[in-house]
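Close look at the chain arrangement
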Amino acid sequence: MGNKEIDFIICGGGISGLLLLNALNKDSFFKDHRIVLIEKETKNTNDRTLCFWEQNSGSFDSLLYNKWSIAQFSSDELKLEFDLSPYNYKMLRSKKFYAQYYAELKKNKNITLIKAEIKSFKSEDNSSIVHTDKGSFISKFVFNSIFNPKILYNQKKYPLLQQHFIGWFINTTKAVFDPEKILFMDFDIPQNDLTRFIYFLPIDSQNALVEYTLFSEHLINKVDYENGIRDFLSSKGILNYTINEVEQGSIPMSCFPLEKLNTTSLMHIGTAGGWTKASTGFTFMNTNRQVSRLVEFLKKDKPLNTFKTISRYRFYDMLFIDVLSKHNGQGSKLFERMFLKNSPLTIFRFIDEETTFIEELKIMSSFTFKQIGWFLKALLSRLF
Ligand SMILES: Cc1cc2nc3c(=O)[nH]c(=O)nc-3n(C[C@H](O)[C@H](O)[C@H](O)COP(=O)(O)OP(=O)(O)OC[C@H]3O[C@@H](n4cnc5c(N)ncnc54)[C@H](O)[C@@H]3O)c2cc1C
């Protein structure tokens, strides 16, 4: 690296690291900044399918694999179909994302990509040091996207659930899917005391991604996710298909204040920074929003631990996770009430943290007396 100072070090060239790097790269304010990205892997696979909703066109449109404007929600007592307008539900696959973002960074001589395994970080007075198997690097501003789940496991104050799933990209012998409609959440499957649903994204009339998903504390046996997918498909009369690709994931759902681990010169970003929406596991768009705010913040040259990421929505999420962890078998009923009593678009805006307080009160009043009792109990145990 020579003796020149590194302005920013980004640890982990996955989704949040690349979103941050790209935002810095595109902003002329940082054109003379020297940035180092440290990533241990060659990122060139479809290791994740990233979905999000967005109004109109957006900056990821050239990367999209598909998008939809109609969605369905289903539980044993509620079947809803809704127009997503003005939103579209958008899907991109990571291989194309990585290819474009890595190609862009290679064009800028001020950005250095180091393929190395990070071993540890150390914050000192005005800088942080990143120790890797290829040497150590120091900067006044270090961003870390390497998530350490032990931090969440080694505490009891904030329950940890996971959004965990196995998904199959399937191809059927006949045209059986309606390519216009996604199944956002289908809880009309055996719950067996856990919050379980099917997430279904048709690519065209013969291809689809179908995921068996849980919001629960522990992973289940692989065969149980697979049987869940098979049972769902056979309940729809879909028996003849091939599985072309498999994806698997486990996303932490916790309100642990990960931002408290930030120092003046080290900030945790992406899932590692608590940018995963605890109540849903959605991370991608939230990370993109936080990155935009962060880039403006960095222009002010302030200590990294003064970057604010929390809002009243963290409190709602915390109560929701408290309730869901205690009454995990009732998750489908909580979501059912939300979708029964509110417009799905309001729910999307709520998840995006864009609702008014009045709308939030209305969402809270959607629940049954019994469910409200659970939330009150969670609130009281948080307050006293
Ligand atoms: C299969 C899957 C599907 C998902 N789908 C969605 C979705 O549809 N919508 C949504 O909003 N969110 C989704 N998520 C959640 C979230 O958006 C992703 O997990 C996203 O990748 C989080 O970005 P990140 O930067 O925090 O972590 P990552 O993208 O995992 O980046 C971390 C990077 O750090 C690197 N790294 C790790 N350890 C080291 C080390 N010691 N040294 C150097 N480098 C290291 C890794 O190789 C990786 O590239 C999904 C997650 C998974 C796993």
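Everything numeric here is computed off the predicted structure, so don't read it as measured data. Each residue is numbered by its place in its chain's sequence as written, counting from 1. Per-residue local features of the predicted model are confined to residues with pLDDT of at least 70, and side-chain atom pairs are confined, for both listing and counting, to 80 or more; whole-chain, interface and lining totals are unaffected and use all residues.

Things to note about the site of the ligand
Under the convention used in this document: Here is the check we use: build the C-beta atom from the backbone, and if it is within 6 Å of the molecule or strand, call the residue near. Here a strand is any run of E in DSSP of at least two residues, a helix any run of H or I of at least four, and the numbering for each starts at the N terminus. Note on residue categories: nonpolar means Ala, Val, Leu, Ile, Met, Phe, Trp, Tyr, Cys or Pro, charged means Asp, Glu, Lys or Arg, and polar means any other residue, Gly included.
Around the ligand lies a shell of 29 residues, among which Gly12, Gly14, Ser16, Gly249 and Gly270 are the nearest. Of all the secondary structure elements, the ones that give two or more residues to the shell around the ligand are α1 (15–26), β2 (35–39), β3 (49–55) and β16 (241–253). Per-element accounting of the shell around the ligand gives the leading share, four residues, to β3. Looking at the shell around the ligand residue by residue, the classes come out as 11 nonpolar, 11 polar and seven charged.

Describing the packing of α1 against helix α2 (residues 94–106)
Any two packed helices are characterised by how steeply their axes cross, that is the angle between the axes, and by the distance between the axes. Selection criterion: For helices, the axis comes from a line fit to the C-alpha atoms of the stretch in contact; other axes are also lines fit to C-alpha atoms, and the angle between any two N-to-C directions lies between 0 and 180 degrees. For classification purposes, an angle smaller than 35 degrees is called roughly parallel, one larger than 145 roughly antiparallel, one from 65 to 115 roughly perpendicular, and anything else oblique. Two helices that cross are described as forming a left-handed crossing if the nearer one is turned anticlockwise from the farther one by less than a right angle, and a right-handed crossing if clockwise. Each residue gets a C-beta atom placed from its backbone, and two residues are in contact if those atoms lie within 7 Å.
As a packed pair, α1 and α2 sit with axes 10 Å apart at the nearest point and diverge in direction by 40°. Classified by the interaxial angle, the pair formed by α1 and α2 is oblique. Between α1 and α2 lies a crossing whose hand is left-handed. Within the contact between the two elements, α1 uses Leu18, Leu21, Asn22 and Asn25 and α2 uses Tyr101, Glu104 and Leu105. Partitioned by chemical class, the residues of the contact of α1 with α2 number four nonpolar, two polar and one charged.

Quick notes on the sheet that holds β3
Filter applied, for reference: Should DSSP find at least two bridges between two strands, the strands are taken to pair.
As summarised here, the arrangement of the three strands in space is β3-β7-β4, forming an open sheet in which the pairing is antiparallel. The sheet is open, and its two edges are formed by β3 and β4 (64–68), each paired on a single side. For this sheet, the mean inter-axis angle between neighbouring strands, taken without regard to orientation, is 25°. Sheet topology note: the β3/strand β7 (residues 87–93) ladder contains seven bridges and is antiparallel. Residue pairing for β7: Phe52 is matched across the bridge by Lys90.

As for the pairing of strand β14 (residues 195–202)
As a reminder, the rule being used: Field definition: a residue is buried when 20 or more other C-beta atoms are found within 10 Å of its C-beta, exposed when 12 or fewer are, and partly exposed for counts in between, with C-beta atoms placed from the backbone.
β14 sits mainly inside the fold: seven of its eight residues count as buried. Pairing between β14 and strand β15 (residues 207–216): eight bridges, direction antiparallel. Note that in β15 the partner of Pro202 across the bridge is Ala208. Linking β14 to β15, which pair antiparallel, is a turn of four residues.

Describing the domain arrangement of the protein
Defined as follows: Domain limits in this description derive from either an automatic procedure or a database domain assignment.
According to the domain assignment, the protein contains domain 1 (6–48 + 93–148 + 254–306), domain 2 (161–253) and domain 3 (312–383). Of note, the centres of domain 1 and domain 3, computed from C-alpha atoms alone, are 32 Å apart. With seven residues of domain 1 in contact, the opposing surface of domain 3 contributes six residues. Class assignment for the residues of the side of domain 1 that touches domain 3 results in three nonpolar, three polar and one charged.

Focus: the sheet that holds β14
Here seven strands make up an open sheet; going across it, the order is β6-β5-β13-β14-β15-β12-β16 and the pairing mixed. Both edges of this open sheet fall to β6 (79–83) and β16, since each of them pairs with a single strand only. Neighbour to neighbour, the strand axes of the sheet diverge by 15° on average, direction disregarded.

Some remarks on the environment of Tyr199
Mapped onto the fold, Tyr199 is located in strand β14. Taking the C-alpha atoms as reference, Tyr199 lies 43 Å from Gly135; in sequence the two are 64 residues apart. Residues within four places of Tyr199 in sequence aside, it is in contact with Leu183, Met185, Glu211 and Thr213.

Topic: the environment of Ile138
In this fold, Ile138 is placed in strand β11 (residues 135–144). Considered as a pair, Ile138 and His164 are 26 residues apart in the sequence and their alpha carbons are 36 Å apart. Apart from the residues lying within four places of it in its own chain, the contact partners of Ile138 are Ser127 and Ile129.

Some remarks on the pairing of β2
The line we're drawing: When the strands point away from the viewer, a crossover counts as right-handed if the route from the first strand across the helix to the second turns clockwise.
Counting buried positions along β2 yields five of five residues, so the element is predominantly enclosed. Alternating residues of β2 divide into Ile35, Leu37 and Glu39 and Val36 and Ile38, and every residue in both groups is buried. Sheet topology note: the strand β1 (residues 6–11)/β2 ladder contains four bridges and is parallel. Within β2, the position partnered with Ile9 by the bridge is Val36. Regarding the hand of the β-α-β motif, the stretch spanning β1, α1 and β2 is right-handed. As paired strands, β2 and strand β8 (residues 111–115) are joined by five bridges and run parallel to one another. Each bridged residue has a counterpart across the sheet, and for Leu37 the counterpart in β8 is Leu113.

With respect to the nonpolar core
The tendency in soluble globular proteins is for nonpolar side chains to be buried as a group. Put simply, the test is: Here, a nonpolar core denotes buried Ala, Val, Leu, Ile, Met, Phe, Trp, Tyr and Cys residues that are linked to one another through C-beta atoms within 7 Å.
Of all hydrophobic cores here, the largest spans 74 residues; its most connected members are Ile9, Ile10, Leu20 and Val210. Here this core takes six residues from α1, the largest share from any one element. Filtering out sequence-adjacent residues up to four positions away, Ile9 remains in contact with Val36, Ile38, Val130, Phe137, Ser139 and Val142. Met253, Cys255, Ala278 and Ala378 belong to the second largest nonpolar core, which has 15 residues in total.

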